[in-house]
Amino acid sequence: MKRLALAALVAIAPTVLAAETELSFYLGFQESPHSQVDGTDPGNAVDPNLDFTAGWEGLSFEMPPYYGARATFWRTETFGWGAEFTHTKVYGDAATLADNGFTRFELTDGLNIITVNAMRRWPNQWGSVTPYVGGGLGIAVPHVDIESAGGKAFGYQLTGPAVRWTAGASYDINDQWAVFGEYQGTYSMNQIDLGSGGSLETDIITNAVNLGVSFSF
């Protein structure tokens, strides 16, 4: 999965004649609000007809940690486009598991989001500080780890479309290196196949504060 994500970031690079290429890498703190879950889980000890609200925990610094990488090809001083991979993750909280018949209910290696982005920046708006915003469209490829009395699902699945939005600012260390801080959100629509032969649907939002470093050439 990680090799696929890296390939997605660099595969389009040879076809782009950009004034500047920027590679960004980040860690951060990520959480997710509750989401509605609907579906069927034959054999589930509580109810095979799923209709509940899942409480999620982000646990950003538990292994594997939350992280991301972005390649931006700046076509002008202010506009660019590129690709981004973010290893977000969500764990069902204790009440979600106990109330709905699950022993595991998580997307933790991770709820992987891959998007193609458009970016806008304002170079050196405040001295060496450059604010920027961006958004992207793509896919969710979570590693599903869900288990109930009906069965276990464990592995990567392509579960649906995803969107991303970002706002932040970078600080130039020199002509090539910069550090940055940003807010980033994602929204993904996930249709997940279960080990019982059933499936579930849930739309997940993530909110994160990222800190990272960028290299430009």
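Below is a summary of the structure that appears in this document.

## Brief notes about the overall build of the protein
Okay, step 1: A tally of helices and strands in the protein yields two helices and twelve strands.
Okay, step 2: Shown N-terminal to C-terminal, the secondary structure of the protein runs as helices and strands in the order α-β-β-β-β-β-β-α-β-β-β-β-β-β.
Okay, step 3: On C-alpha atoms alone, the protein measures out to a radius of gyration of 19 Å, which is about the 17 Å that the 2.2 N^0.38 rule sets for 217 residues.
Okay, step 4: Expressed along its principal axes, the backbone C-alpha trace of the protein runs to roughly 60 × 30 × 25 Å.

## Description of a nonpolar patch on the surface
Okay, step 1: There is a patch of nonpolar side chains on the surface, built from Phe25, Tyr171, Ile173, Trp177, Val179 and Val213 and spanning about 560 Å² of accessible area.
Okay, step 2: When you line up the elements, valine 213 lands in strand S12 (residues 199–216).
Okay, step 3: A relative accessible area of 31% means that valine 213 is categorised as partly exposed.

## Remarks on the pairing of S12
Both faces of the sheet carry side chains from a regular strand, because those side chains alternate between them.
Okay, step 1: Pairing of strand S1 (residues 20–31) with S12 involves ten bridges; the strand directions are antiparallel. Counted as the bridge partner of glutamate 31 is asparagine 207 from S12.
Okay, step 2: As judged from the three bridges shared by strand S2 (residues 35–40) and S12, these two strands associate in the antiparallel manner. By the bridge assignment for S12, glycine 39 is matched with leucine 200.

## Focus: unusual backbone geometry
Okay, step 1: Of the consecutive residues methionine 63 and proline 64, the connecting peptide bond is found in the cis state with omega at -5°.
Okay, step 2: Note on placement: proline 64 falls in the loop between strand S4 (56–57) and strand S5 (67–74).
Okay, step 3: The omega torsion of the bond from aspartate 109 to glycine 110 falls at -5°, within 30 degrees of zero and hence cis.
Okay, step 4: Structurally, the position occupied by glycine 110 is in strand S7 (residues 102–121).

Conventions adopted
Residues numbered from 1 in each chain as written. Predicted model: local features only at pLDDT ≥ 70, side-chain atom pairs only at ≥ 80, totals over all residues. Heavy atoms only, no water. Helix = DSSP H or I, 4+ residues; strand = E, 2+ residues; numbered from the N terminus. Rg over C-alpha atoms; globule rule 2.2 N^0.38 Å. Patch = residues over 30% accessible without salt bridge, like charges linked within 9 Å, V, L, I, M, F, W, Y side chains within 5 Å. Areas by Shrake-Rupley, 256 points an atom, 1.4 Å probe, with all protein chains shown as cover. Salt bridge = Lys/Arg side-chain N within 4 Å of Asp/Glu carboxyl O. Buried < 20%, exposed > 50% of the residue type's maximum accessible area, 1.4 Å probe, protein only. Pairing = 2+ DSSP bridges.

All quantities given are derived from atomic positions and should not be read as evidence of function.
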